[in-house]
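Single-letter residue listing:
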Amino acid sequence: MSRDVETQPRTYQHGPDSVPHDGIPRGRIERFTWDASSLYPGTTRTVHVFVPAQYDPAEPAALMVFQDGGLYLDPGLDMRAGTVFDNLIAEGAMPVTIGVFVDPGQPGNRNAEYDPADSPYGEFLLHEILPAVRERFGLAITDDPDQRAICGGSSGGNCAFTVAWEHPDAFRRVLAFVASFAQIPGGNPYPSLIRSTPAKPLRVFLQANRFDLNHDEPELNWYSNNLLVDAALAERGYDHRLVLGDGGHSPNHGGVILPDAMRWLWRP
């Protein structure tokens, strides 16, 4: 392998679980605008709700919440979560799951919502967004935290971890792609917190890229901060997995492995 290949981010190709197939039932997507937040006043955002074709209102569905929601649903981008939901639910690799895809507040409130380790974003989801989803669409969603997951990438990834860390009574499955733990104001608290806090009932999937931001620097290193969080989870005996790619600060590798990440996250 040439030196140029070794030192450049790699681009990965999607597999069959990330493309639509004939004969696979397709879920529907609803949407609404939320501009009535008391926790983030003055913001407005779009929320997309994915309802699987197999959804039965007599059976409360599992739940998965995504930050930067629109980026996960766009079939022309890397994540293609709606297609992955369709394929994996039909396969039986994940439960019938309502997906709630929440965009960051506008104008420009993404980092204020996602990055702080003491952010009220979890309260925002639990007391504003999810009640609105239930009320607007009449959806039956489980309250079982073992059947509720949260996902995000970059700042949305550490946000997902923070929400589950602070609210394990509401979310116990975490999927974080190239998480920006390095960007948390005041420094990344999680390696120390994980080691010093009684273990919480979380299942955590982390994905990191070798050429993430500052990957060869001693400070603000996105790559090494993900490794430090995973090491702490390992030391405390968490149900966890870390998958490493050779990409940059990009959703490409995360999107390509999303189907297998979901299989791991939703395994019994």
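Up top you'll find the structure we're talking about.
Residues numbered from 1 in each chain as written. Predicted model: local features only at pLDDT ≥ 70, side-chain atom pairs only at ≥ 80, totals over all residues. Heavy atoms only, no water.

S.K.: Teacher, can you tell me more about the pattern of salt bridges here?
M.R.: It is possible for side chains bearing opposite charge to pair when their charged atoms get close. One pass over the structure, following the stated rule, counts twelve salt bridges. Where Arg263 meets Asp260, a salt bridge forms, and the shortest distance between an N and an O atom there is 2.9 Å. Here Asp260 and Arg263 lie together in helix H9 (residues 252-265), a separation of three residues that amounts to about one turn. Linked by salt bridges that have partners in common, Asp17, Glu91, Asp260 and Arg263 make up one network. (Salt bridge = Lys/Arg side-chain N within 4 Å of Asp/Glu carboxyl O. Helix = DSSP H or I, 4+ residues; strand = E, 2+ residues; numbered from the N terminus.)

S.K.: What is the right way to look at the state of the cysteines in this model?
M.R.: Applying the stated rule across the entire model yields zero disulfides. Of all cysteine sulfurs in the structure, the one in Cys159 sits closest to Cys151, which takes part in no disulfide; the separation is 11 Å. (Disulfide = S-S within 2.5 Å.)

S.K.: Hey, could you run me through helix H6 (residues 155-166) in this one?
M.R.: With twelve residues, H6 ought to run about 16 Å at 1.5 Å a step, and its terminal C-alpha atoms sit 16 Å apart, in line with that. Here H6 lies mainly inside the structure; eleven of its twelve residues are buried. Of the positions making up H6, those classed as buried are Ser155, Gly156, Gly157, Asn158, Cys159, Ala160, Phe161, Thr162, Val163, Ala164 and Trp165. (Expected span 1.5 Å × (residues − 1). Buried < 20%, exposed > 50% of the residue type's maximum accessible area, 1.4 Å probe, protein only.)

S.K.: Could you clarify how one ought to interpret helix H5 (residues 121-137) in this entry?
M.R.: In an α-helix, one turn spans 3.6 residues; hence positions three or four apart end up facing the same way. Helix length check: H5 (17 residues) gives 22 Å between terminal C-alpha atoms against 24 Å at 1.5 Å per residue, within 8%. Taken as a whole, H5 carries its principal kink of about 30° at Ile129; the proline Pro131 stands between one and four residues after it. For H5, every residue scored as buried is listed here: Tyr121, Gly122, Phe124, Leu125, Glu128, Ile129, Leu130, Ala132 and Val133. One or two steps after H5, the chain reaches Gly138, where phi turns positive at roughly 60°. (Bend = angle between axes of the 7 residues up to and from the residue.)

S.K.: In this structure, what is going on with the environment of Pro145? I would like to understand it.
M.R.: Relative to the elements of secondary structure, Pro145 occurs in the loop between H5 and strand S5 (148-153). By relative accessible area, which is 13% here, Pro145 ends up buried. Separated by 112 residues in the primary sequence, Pro145 and Thr33 have C-alpha atoms spaced 26 Å apart. Residue contacts for Pro145: discarding those within four places in its chain leaves Pro168, Asp169, Ala170, Phe171 and Arg172. (Contact = heavy atoms within 4.5 Å.)

S.K.: Can you walk me through the sheet that holds strand S3 (residues 62-67) in this structure?
M.R.: Sheet strands associate in pairs through backbone hydrogen bonding, adopting either a parallel or an antiparallel arrangement. Pairing within the open sheet is mixed, and its eight strands lie in the order S1-S2-S4-S3-S5-S6-S7-S8. Pairing within the sheet leaves two strands with one partner each, and these edge strands are strand S1 (28-34) and strand S8 (239-245). In this sheet, adjacent strand axes meet at a mean angle of 15° when their direction is disregarded. Where S1 meets strand S2 (residues 45-51), seven bridges bridge the pair, whose relative direction is antiparallel. Looking at the pairing, Glu30 lines up with Val49 of S2. Of the strands in this sheet, S3, S5, strand S6 (173-177) and strand S7 (203-209) touch H6, which is tilted by about 155° from S5. (Pairing = 2+ DSSP bridges. Axes fitted to C-alpha atoms, helices over the stretch in contact; angles between N-to-C directions.)

S.K.: Explanation requested: the side chain of Asn109 in the structure shown.
M.R.: Within the secondary structure, Asn109 sits in the loop between strand S4 (97-102) and helix H4 (110-114). According to the relative accessible area criterion, Asn109 is buried, its value standing at 17%. Other than its neighbours up to four places away in sequence, Asn109 contacts Tyr40 and Thr43.

S.K.: What exactly am I supposed to notice about the packing of aromatic side chains here?
M.R.: For the structure on display, the rule yields 15 aromatic pairs. With a centroid separation of 5.3 Å and an interplanar angle of 75°, the aromatic rings of Tyr40 and Phe124 are classed as edge-to-face. Separated by 84 residues along the polypeptide, Tyr40 in the loop between S1 and S2 and Phe124 in helix H5 bring together distant segments of the chain. On the basis of relative accessible area, Tyr40 is assigned to the buried category, the value being 8%. Counting every residue linked through ring pairs, the aromatic cluster contains Phe50, Phe66, Tyr72, Phe85 and Phe101. (Phe/Tyr/Trp six-rings, centres within 6.5 Å; stacked < 30°, edge-to-face > 60°.)

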